[in-house]
Amino acid sequence: MAIKHQQPDLVPLFIRYVGAVSSKLSRIHGIAGRDLEIKLGNDGVIVQIGINAEYSHKVVPDGERWTSEWGVTYEGMRGISQPVDHPLKEPDVSGYIWPDPHKPERMAEIKQAMARYHSDYAVMVDLSCTFLEAGYAHLRGMEKFMMDLHLSRDFACQVLDGLNTYYTALGVHAIEQGIDIIRIGDDIAGQNGMLVPPKLWRELVKPRMESMIHAFRKANPNIIVKYHSCGDFSAIIPDLIDLGVDFIGTMQPCGQQVDMAAIKAKYGDKLAFLGGLDTQQLLPNGSPEEVREAVKDVLRSYAPGGGYVFMPGHYVNLDVPLENVWALLSAVHDYRRYPLNFD
Amino acid sequence: MEIFEQISNAVIEGEFGEITDLVQSALDQGIGANEVIREGLSKGMTEVGRRFREGEYFMPEVLVSAKTMNTALSILKPLLVGDTTQENVGTFLIGTVKGDVHDIGKNMVSMMMEGAGFRVIDIGVDVKPEVFVKEITEKQPDVVGLSALLSTTMISQKETIEALKEAGVRDRVIVLVGGAPVDQNWANTIGADGYAPNASVAVEKAKELLQRRPHS
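Residues numbered from 1 in each chain as written. Chains lettered and ligands numbered in written order. Predicted model: local features only at pLDDT ≥ 70, side-chain atom pairs only at ≥ 80, totals over all residues.

Residues and elements named next belong to chain B. Strand order in the open sheet made by the five strands is E2-E1-E3-E4-E5, with parallel pairing throughout. Every interior strand has two partners, whereas the edge strands, strand E2 (119–122) and strand E5 (194–195), have only one. With five bridges joining them, strand E1 (residues 91–96) and strand E3 (residues 143–147) adopt parallel strand pairing. Opposite Leu93, over in E3, you have Val144 as the bridge partner. In the packing of helix H5 (residues 104–115) onto the sheet, contacts are made with E1, E2, E3 and strand E4 (174–178), and the angle to E1 comes to roughly 170°. (Pairing = 2+ DSSP bridges. Helix = DSSP H or I, 4+ residues; strand = E, 2+ residues; numbered from the N terminus. Contact = placed C-beta atoms within 7 Å. Axes fitted to C-alpha atoms, helices over the stretch in contact; angles between N-to-C directions.)

In structure tokens:
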């Protein structure tokens, strides 16, 4: 409802915690995983599938290495895994074996989540890193893939095509399970704007996203399409509107996105937003009072009239003191009721 | 001279397929390697830096330009051995701090610094404070860069500066910090000399702080 630009009774919550924080909270509450997130107030659950899924939640001891089915090797570092070796050593995909998106077991976790939560909560399936980030962070390595976009354009396009085929099929299977929201995207922006030229993104990624979204809407015309990038991706927001994206996040408050009210005024009739609260300085280093004020500020900017789901600008990471987690949760529970009132 | 303009244009446009021939042609004309670097490559990279700063260039273009510059440097550097006329802007040592393996920011800064005439020593990623101390003691750089992408690892920048203080080498170097969650406020808090939001500004900051440093 909130995403469809109608004002619900409450601003929905969708706060994500990195594995190590989740484990800490789990010891306090005696429950874990999605049950814990729901208990802490979330109105939806997320299931990640694809290249990013295993990696982003796998807690392994520091220094331990493991290799995914995509042939990417990761190493545990301070509670998260980081890619350290990439399968596409040369600009050539001919010998690369793409994972099969049609394996029935890929839907197992979605089926479980649907059975357990869908009667009361929204279910989102996350396919990011879908295009560029899968290429640069996982399959090829950042410097190489960034240069491939200019120097080996055909190869870069073949990688993007392989990803498009895989994720379109995977996404359609997910949508057929009856989910509410499908999330695609790549981290394609930094603190002060895009990492790649918007023109290049429009040439290489936009048409592929268009065919993907078309296939998703064919499977379910009402599926909510969410786009994700970290950083300031405001340069391509009009393109996302062109593509029929419904919902964007996580609106990290950096670059042009610092002015949250301006973003809401400019695009709020066409897009719903997720996120906005600073996780880089405020959440780890601010006082509980500052966290409370910042929550009010984000709600004041993005929440009026609906079209907003509350989340910090990223995961709650393990550098956030627990007292700030409590401050965040208590503030959002105090101020998320419509009509909004911040007194 | 036309050849300098051609070389700097090749860097700007990232024409790395052509740079080898251009450099060879300059050398054939009797131009010294040092002059090719100063008048051709560095001027090109300065313009790349400007375009990056002003939002005309993004990461892919900068990387291709840097690759072009490095192709040229691989020909020119061996010729510089024993050349006492070469300009030495300073020595720059950089690493990504402990717990963080992200290297793209570090690499972009290294490339820009090299383009600006710094001698660059890159000591890699996930560098422990004691390794920074050891490398700084041995290599005696003028400027040190500490890179961190994550809010969970920027604390290692602080730990590194503290380790430098304890080892008594902090005041021998100018310390610059950078990375997504880092800002001037953080730089002040942890006692760094400067902060730069991107690779191009890092070069300007390093030059500016070097000029202000009292000459020993």
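Moving on from the coordinates now.
Looking now at helix H7 (residues 155–166) of chain B. Residue and element names in this part refer to chain B. If you check H7, its first and last C-alpha atoms are 17 Å apart, about what twelve residues at 1.5 Å a residue would give, namely 16 Å. Tucked into the core, H7 has its buried residues touching helix H6 (129–139), E3, E4 and helix H8 (184–190). Two residues or fewer past H7, Gly168 is found with a positive phi of approximately 75°. (Expected span 1.5 Å × (residues − 1).)

Attention shifts here to the interface of chain B and chain A. Taken together, the contacts link 17 residues of chain B with 27 residues of chain A. Contributing elements (two or more residues each) for the side of chain B that touches chain A: helix H4 (59–80) and H5 of chain B. Per-element tally for the side of chain B that touches chain A: the top contributor is H4 of chain B, with five residues. In terms of residue class, the side of chain B that touches chain A is built from ten nonpolar, six polar and one charged. (Nonpolar A, V, L, I, M, F, W, Y, C, P; charged D, E, K, R; others polar.)

Another point: the sheet that holds strand E3 (residues 73–77) of chain A. All names here are of chain A. Within the open sheet, the three strands sit side by side as E2-E3-E4. Their pairing is antiparallel. For this open sheet the edge positions go to strand E2 (65–67) and strand E4 (80–85), each flanked by a neighbour on one side alone. Averaged over all adjacent pairs, the angle separating strand axes in this sheet is 35°, with direction ignored. Direction of pairing for E2 relative to E3: antiparallel, over a ladder of three bridges. Within E3, the position partnered with Arg65 by the bridge is Glu75.

With that out of the way, let us pick up the nonpolar core. Counting residues in each nonpolar core, the largest one holds 170 residues, and the members touching the most others are Ile182 and Val295 of chain A together with Met112 of chain B. Among the elements that take part in this core, helix H7 (residues 153–175) of chain A stands out by supplying ten residues, more than any other. Those residues in contact with Val295 of chain A, other than ones at most four positions away along the chain, are Leu277, Leu328, Ala331, Val332 and Tyr335 of chain A. (Core = buried A, V, L, I, M, F, W, Y, C linked by C-beta atoms within 7 Å. Buried ≥ 20, exposed ≤ 12 C-beta atoms within 10 Å, placed from the backbone.)

With that out of the way, let us pick up the domain arrangement of chain B. All names here are of chain B. Each domain of chain B was delimited in the assignment, giving domain 1 (2–80) and domain 2 (91–212). Between domain 1 and domain 2, the residue contacts involve nine residues of the former and ten residues of the latter. Of all the elements in the fold, those that place two or more residues in the side of domain 1 that touches domain 2 are helix H3 (33–53) and H4. Broken down by element, the residue count for the side of domain 1 that touches domain 2 peaks at six residues, all from H3. Split into classes, the residues belonging to the side of domain 1 that touches domain 2 amount to six nonpolar, two polar and one charged. (Domains from an automatic or database assignment.)

Per-residue pLDDT for chain B has a mean of 92; in total, 96% of the residues score no lower than 70. Reported confidence for the predicted complex is 0.89 by ipTM and 0.90 by pTM. (pLDDT = per-residue confidence, 0-100.)

Residue and element names in this part refer to chain A. Domain assignment breaks chain A into domain 1 (1–42 + 246–343) and domain 2 (46–113 + 125–176 + 188–216). One C-alpha centre belongs to domain 1, the other to domain 2, and the line joining them spans 26 Å. Opposite the seven residues of domain 1 that make contact, domain 2 presents eight residues. For the side of domain 1 that touches domain 2, the residue count by class is four nonpolar, two polar and one charged.

It is worth spelling out the pairing of strand E11 (residues 272–275) of chain A at this point. Residues and elements named next belong to chain A. Inspection of the sheet shows strand E10 (residues 247–250) paired to E11 by four bridges, in the parallel sense. Considered in E11, the bridge of Ile248 is made with Phe273. Between the parallel elements E10 and E11, the chain passes through helix H11 (residues 260–267) in a crossover that is right-handed. Pairing of E11 with strand E12 (residues 308–309) involves two bridges; the strand directions are parallel. Each residue of the ladder has a partner; that of Phe273, found in E12, is Tyr308. (Right-handed = clockwise from strand over helix to strand, strands pointing away.)

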